Amino acid sequence: MTLETLSEQSCFGGIQGVYRHLSRETGTPMRFAAFTPPQAKHGKVPVFWFLAGLTCTEDNFTVKAGAQRVAAELGLMLVAPDTSPRGDGVPGDPDNGYDFGLGAGFYLNATQSPWAQHYRMYSYIVDELPDVIAGFPADMTRQGISGHSMGGHGALTIALKTTGRFKSVSAFAPIVAPTQGPWGEKAFSRYLGSVDAGLAYDATALVRQGRRVADVLIDQGDADKFLDGQLKPQLFATACAQAGIPCTLRMQPGYDHSYFFIATFIEDHLRWHAQRLSA
């Protein structure tokens, strides 16, 4: 595997880079961003994964969240993958919508034609990209994962499905029960052939099936226009309470679904993860 450096800039004593490689899972070139903190000059550092939401690329979190300053203080490596395969021959949404296809991989492995060939974001994030990140000064025994919206869905489901890999998990306005909302219903019926098949990628359903994580932090804006129709965080919080999983759901007054919301609370999340990754 050849890793191509697209850019690297000095940032808070570390390096903010963007990289590209040919993915065996998606069959396409894949980009990701990685911030390596200054502590990595002296040894391996914990890894904080951030999965972005619908329409996003690796740039959204990297440019808009303002996470590098605190990550440099805490000695955390930040990894931000793209949200879907891209390129010639990669099918998108036949209806030209924003919530399916390019930029909307939903962190699953598609089983239906024509998407099954390339839309394998679950295996890309879980099985392939970690091998790439292990080539950086990354301590792969200390990993945390977070994400926003569709990426929050990805963070929760990946943490629940890979028991023990992630020492910490959090999310911003995650889609916690996608089989019960329009975004998930559209994605699962096309990528997987049915909404019911999507239960394997539904965080609330996974908790009810017996999947576990140590604890969860979720921030949700109460002015988010997607709150009631798409996100429904209380469903996940209730499932966690019934399963005995500590889940801190913070409803933030006046905040919407934007990166201004994420930028406001990213420091809280990074410090929360760093505490759990310090052991």
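Our subject in this report is the structure included herewith. What you see is a predicted model; the values in this text were computed from it and never measured.

**Section: the nonpolar core**
General note: in soluble globular proteins, nonpolar side chains tend to be found buried as a group. With 89 residues, the main nonpolar core has Phe61, Ile133, Tyr191 and Phe236 as its most contacted residues. Discounting chain neighbours no more than four positions away, the residues touching isoleucine 133 are Phe32, Val47, Trp49, Met77, Val79, Ala138 and Met140.

**Brief notes about empty space enclosed by the protein**
Taken as a whole, this structure holds two cavities of 30 Å³ or more when the rule is applied. Here the largest cavity defines a volume of roughly 50 Å³. Looking at the largest cavity, the residues that line it are Gln16, Ala33, Ala34, Phe35, Phe61, Thr62, Gln68, Leu78, Val79 and Ala80. Of all the elements in the fold, those that place two or more residues in the lining of the largest cavity are β3 (29-36), α1 (58-64) and β5 (77-81). Roughly 40 Å³ of internal volume is contained in the second largest cavity. Forming the walls of the second largest cavity are Ala159, Phe166, Lys167, Ser168, Val169, Val213, Ala214 and Asp215.

**A look at the layout of surface pockets**
Approximately 230 Å³ is the volume found for the largest pocket. Every residue lining the largest pocket is counted, 14 residues in all, and those nearest its centre are Leu54, Thr55, Cys56, His148 and His257. Among the residues making up the lining of the largest pocket, the classes are represented as six nonpolar, seven polar and one charged.

**Some details on the pairing of β5**
The buried fraction of β5 is high, at five of five residues. Of the strand pairs in this sheet, β3 and β5 are connected by four bridges, and their pairing is antiparallel. For alanine 34, the partnering residue across the bridge sits in β5 and is valine 79. Pairing between strand β4 (residues 45-51) and β5: three bridges, direction parallel. Following the sheet pairing, tryptophan 49 is matched in β5 by valine 79.

**What about the packing of aromatic side chains?**
Using the criterion set out here, one finds 18 aromatic pairs in the structure. Look at phenylalanine 172 and phenylalanine 261: their rings are 5.8 Å apart centre to centre, the planes differ by 80°, and that puts the pair in the edge-to-face class. One end of the pair, phenylalanine 172, is in strand β7 (residues 166-172); the other, phenylalanine 261, is in helix α9 (residues 259-277), with 89 residues separating them in the sequence. Geometrically, the ring pair formed by tyrosine 255 and phenylalanine 261 is tilted, given 6.2 Å between the ring centres and 45° between the ring planes. The class of tyrosine 255 is partly exposed, set by a relative accessible area of 27%. Taking the relative accessible area as the measure of exposure, phenylalanine 261 reaches 0% and is therefore buried. Among the aromatic side chains, those forming a connected cluster through ring pairs are Phe48, Phe50, Phe61, Phe172, Tyr255, Phe261 and Phe265. Positioned over the ring face of phenylalanine 100 is arginine 190, at 5.3 Å from the centre of the ring.

**Here we look at α9**
The sharpest bend along α9 reaches about 45° and sits at phenylalanine 265. For α9, the full list of buried residues reads Tyr259, Phe261, Ile262, Phe265, Ile266, His269, Leu270, Trp272, His273, Ala274 and Leu277. The N-cap residue of α9 is serine 258: its side-chain oxygen and the backbone nitrogen of phenylalanine 260 are 3.2 Å apart.

**A word on helix α8 (residues 233-243)**
Listed in full, the buried residues belonging to α8 are Pro233, Phe236, Ala237, Ala239 and Cys240. Seen end-on, α8 carries its buried residues on one side only, within an arc spanning 160°. Of the exposed residues in α8, the ones pointing more than 90 degrees away from its buried face are Ala241 and Gln242. Contact partners of the buried residues in α8: α4 (150-161), α6 (203-208), β8 (216-221), α7 (227-231) and β9 (247-252). Looking one or two residues beyond α8, the residue adopting positive phi is glycine 244, at roughly 80°.

**Regarding the side chain of aspartate 99**
Looking at the element boundaries, aspartate 99 is found in the loop between β5 and α3 (121-133). If we ignore the near neighbours within four places in the chain, the residues touching aspartate 99 are Leu54, Asp93, Ala104, Phe106, Trp183 and Lys186.

**Digging into the environment of alanine 171**
Inspection of the secondary structure puts alanine 171 in strand β7. Owing to a relative accessible area of 0%, alanine 171 belongs among the buried residues under this scheme. Taking the C-alpha atoms as reference points, alanine 171 and alanine 155, 16 residues apart in sequence, are found 7.0 Å from one another. Ignoring any residue separated from it by four or fewer positions in sequence, one finds alanine 171 in contact with Ser146, Gly147, Gly152, Leu156, Leu217, Ile218, Asp219 and His269.

**Focus on the sheet that holds β4**
Spatial strand order, β1-β2-β3-β5-β4-β6-β7-β8-β9: nine strands in an open sheet with mixed pairing. Here the strands that pair on one side only, and so sit at the sheet edges, are β1 (4-11) and β9. The mean inter-strand angle of the sheet, taken between neighbouring strand axes irrespective of direction, is 20°. Across the sheet, α8 touches β8 and β9, and the angle it forms with β9 is around 155°.

The rules behind each value
Residues numbered from 1 in each chain as written. Predicted model: local features only at pLDDT ≥ 70, side-chain atom pairs only at ≥ 80, totals over all residues. Heavy atoms only, no water. Core = buried A, V, L, I, M, F, W, Y, C linked by side-chain atoms within 4.5 Å. Buried < 20%, exposed > 50% of the residue type's maximum accessible area, 1.4 Å probe, protein only. Contact = heavy atoms within 4.5 Å. 1 Å grid on protein atoms, 1.4 Å probe; cavity = no way out; pocket = protein on both sides within 12 Å on 5 of 7 lines; lining within 4 Å. Points joined across faces, edges and corners; volume = space filled by probe spheres on them. Helix = DSSP H or I, 4+ residues; strand = E, 2+ residues; numbered from the N terminus. Nonpolar A, V, L, I, M, F, W, Y, C, P; charged D, E, K, R; others polar. Pairing = 2+ DSSP bridges. Phe/Tyr/Trp six-rings, centres within 6.5 Å; stacked < 30°, edge-to-face > 60°. Lys NZ or Arg CZ within 6 Å of the ring centre and 35° of its normal. Bend = angle between axes of the 7 residues up to and from the residue. Polar contact = N/O pair within 3.5 Å; in protein donor to acceptor, adjacent residues only side chain to side chain. Arc of directions from axis to C-beta. Axes fitted to C-alpha atoms, helices over the stretch in contact; angles between N-to-C directions.

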